[in-house]
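# Descriptive analysis of the structure
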Amino acid sequence: MKKIIMFSASWCAPCQRTKPAFNTLKESVGGLEYQLVDVDEQEQLAEQYNIRSVPTFVLLKDNIEVARMSGGSTEEKLKSFINQ
């Protein structure tokens, strides 16, 4: 099963602009698990994934990282990212 994790922070403006696209995608595209992680609240998880900037999206397949993308994004760009 595929899973997408969005690493973000409350103080990050690009994260706040990207969250609505992530949430819309979550509502419209099924077949994968979605997780939103605040790096300040879940520091250990952010460290585990070696997150150095936010927002960062990590795509997992069977719990193995298959892709990573950093920076603000649109719904279309996120759809393309999860369909790789």
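So, here's what we can say about the structure. Fair warning: this is a prediction, and the values are worked out from it, not measured in the lab.

Attention now goes to the sheet that holds strand β3 (residues 56-61). Read across the open sheet, the four strands follow the order β2-β1-β3-β4; overall the sheet is mixed. The sheet terminates laterally at β2 (32-38) and β4 (64-70), the two strands that pair on one side only. Shown here is a sheet whose adjacent strand axes are inclined to one another by a mean of 20°, direction ignored. Bridging between β3 and β4 involves six bridges; their strand directions are antiparallel. In the strand pairing of β4, T56 is matched with S70. Packed onto the sheet, helix α1 (residues 13-28) meets β1 (2-8), β2 and β3 and runs at close to 160° relative to β1.

The tally for this structure, following the rule as stated, stands at one disulfide. Across the disulfide from C12 sits C15; the S-S distance is 2.5 Å. Residues C12 and C15 are joined by a disulfide whose S-S torsion is about 80°; by sign, that bridge is right-handed.

Procedures and definitions
- Residues numbered from 1 in each chain as written.
- Predicted model: local features only at pLDDT ≥ 70, side-chain atom pairs only at ≥ 80, totals over all residues.
- Heavy atoms only, no water.
- Pairing = 2+ DSSP bridges.
- Helix = DSSP H or I, 4+ residues; strand = E, 2+ residues; numbered from the N terminus.
- Axes fitted to C-alpha atoms, helices over the stretch in contact; angles between N-to-C directions.
- Contact = heavy atoms within 4.5 Å.
- Disulfide = S-S within 2.5 Å.

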